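# Summary of the model geometry
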Amino acid sequence: MVGPCSLHTIFFATCAAATVWQMVAAEKPTLQHSHQEEKCQQYLTEDSGDLITGRSHETTLQCEEKLQETSWLQRALHIDRIQKKKIARHPVAECDAEVGAGRLEKYKNNSGDEFCRSARSSFRCVADWKENNHEKASASDYLCYGKNMRLTFQSGSSIRLQGEHDDCQWTLPEKGLQLDFFLFDNFTVPLELARSSGHAREEACSETIQGPLLLYSEQDYWNPYLAQAQALMAYISVEALDFDISSLRVLFTDTPVTEQKDGRINPMYNLVTSLFSQGGASVQSEPQPRSICAKHVIVPPGGKASFIRKNAGWDDPWAAKCTRAPLLLGYANFLLEALHVNKAELPKERVVLLVRRRSPVHPDPYTREMTNPDELEKKLHDLPELSLLQEGSELRVRAVEVALASKLRDTGREVVEASPELLDVREQAELFAHADVIISAHSAALSWMLVAPECSQVLEFCAFGNYQFVNYAKLVGLHHSCVPDVELEWGTESFEAPVGVRVAILHRRALQGAIFQ
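This structure is a prediction, so every number in the text was calculated from the model and none was measured. (Residues numbered from 1 in each chain as written. Predicted model: local features only at pLDDT ≥ 70, side-chain atom pairs only at ≥ 80, totals over all residues. Heavy atoms only, no water.)

Moving on: the state of the cysteines. Going through the model one piece at a time under the given rule, you end up with 5 disulfides. A disulfide bridge connects cysteine 95 with cysteine 322, and the sulfur atoms are separated by 2.0 Å. Across the S-S bond linking cysteine 95 and cysteine 322, the dihedral sits near -80°, which makes this disulfide left-handed. Of this pair, cysteine 95 sits in helix 4 (residues 93-99) while cysteine 322 sits in the loop between helix 8 (317-321) and helix 9 (326-338), and the two are 227 residues apart along the sequence. Both residues of the pair, cysteine 95 and cysteine 322, count as buried. One disulfide in the model links cysteine 205 with cysteine 293; its S-S distance is 1.9 Å. Because the torsion about its S-S bond is 50°, the bridge between cysteine 205 and cysteine 293 counts as right-handed. (Disulfide = S-S within 2.5 Å. Helix = DSSP H or I, 4+ residues; strand = E, 2+ residues; numbered from the N terminus. Buried < 20%, exposed > 50% of the residue type's maximum accessible area, 1.4 Å probe, protein only.)

This is the structure we're talking about:
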């Protein structure tokens, strides 16, 4: 069977016949309500969807009970929005529950647990609880939503969460809500459930945020792989809640690292604000306490709930089964749109060679540093049009002897030697969005492969026992290979890349689908 990256489709990276848009279907869900339900919707959504003072509390509760058949998230939001782009289902049901529309439905269609409720305010979570009792509710996979909440915060302290009018009684102790967020270790979202005291009424909120406010927790502002895990789950949360992301703002739950060591803006901080604070400036803690009121508060799951590092210790068949994960591809498309990166086809085939070198941003030596990138770059420039063939355990270079190869020779090849950490976040995304071939030692920068064109390919000098990018490429839908007989460990200081006939240049040559099986 001829695949989308075969010669019969297109040689270059973009492969217009199969883009991420195939996994982001355009649908208009039909919503049917009785006349009484429509009256309730009108009642609950007037005055911008707020439960204003003067409304009948009894009527409000009756209407909300009438709408029990809709999801708890829709009832909380009082919104029936038409999605312009809807995340598609994965054809494999097991995969869809984790990487497709089924993951969103898990958050949408579960009634969840309500921890605080009053006439005006509410806060509830849908979660796979590790523990849930009157003393503690803890989870790694969750999605929490609050309506009409007051948040009080200052540097070095937890965010105090309470009803906007201090009338929301919590069912948990102050430190009882324990939500894991980091991909590694046991970091929890710093939340404190503030008890009703009357103190909140003494000072007005310094700002009232009408649009959705995303509470964003991050532990590592250097590593793009960890940062993408956090950002992916934030994206999934916004998709599940069906908010207009252009109105979204971010509240950092801890003080973010805004600058790099060279004084430039931190790319991973810039990633978060560019994606999730499109509705206004991000909100950050300051030495003096500050209170804000927010109509909609989102607490997204963190990287620990992400699927991108599932079974990272081996070449996982699950990742192959769940290839072209709709949520991952939807996130990639959203990322490119938010950063204004054009994924148009380039006139020349581009090989991106990632290098790990000391710099003002990273003054200490890297591990897994390639000692001869210049030699490898020259070889890449000089070789004719090449393809990846695998015979036994050896990857080797061969000239492409097919009818259209001459057209590629006429255009030549561009080889870009890059250190992504020296680029701003848009430049990093653009580098990978225009890459036909990505060559790198095992590196967190490889997480950017998610924005590469579908027919791009990855050649990694893999570190023993670390298969996260092998699996990651499968989830994205890219062809990935490890260079054989280059033995790297996680802590290997440096290595020399094999040049000559052992160098493999990956080029789209699917010849009747025979290569990419």
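So, on to the packing of aromatic side chains. One pass over the full model with this rule turns up 15 aromatic pairs. Ring geometry for phenylalanine 115 against tryptophan 129: centres 5.7 Å apart, planes inclined by 90°, an arrangement best described as edge-to-face. Taken as a pair, phenylalanine 115 in strand 3 (residues 113-117) and tryptophan 129 in strand 4 (residues 122-132) lie far apart in primary sequence, 14 residues in all. Judged by its relative accessible area of 4%, phenylalanine 115 falls in the buried class. (Phe/Tyr/Trp six-rings, centres within 6.5 Å; stacked < 30°, edge-to-face > 60°.)

This brings us to the environment of alanine 441. In this structure, alanine 441 sits in strand 18 (residues 437-441). Given the relative accessible area of 2%, alanine 441 is considered buried. In sequence terms alanine 441 and cysteine 482 are 41 residues apart; their C-alpha atoms lie 9.4 Å from each other.

Attention now goes to the pairing of strand 12 (residues 290-299). The buried count for strand 12 comes to 9 of 10 residues, which makes it a mostly enclosed element. For strand 5 (residues 137-153) and strand 12, the ladder comprises 9 bridges, and the chain directions are antiparallel. Each residue of the ladder has a partner; that of glycine 146, found in strand 12, is valine 297. In terms of strand pairing, strand 10 (residues 207-216) meets strand 12 through 6 bridges, oriented parallel. Each residue of the ladder has a partner; that of glutamate 207, found in strand 12, is isoleucine 292. (Pairing = 2+ DSSP bridges.)

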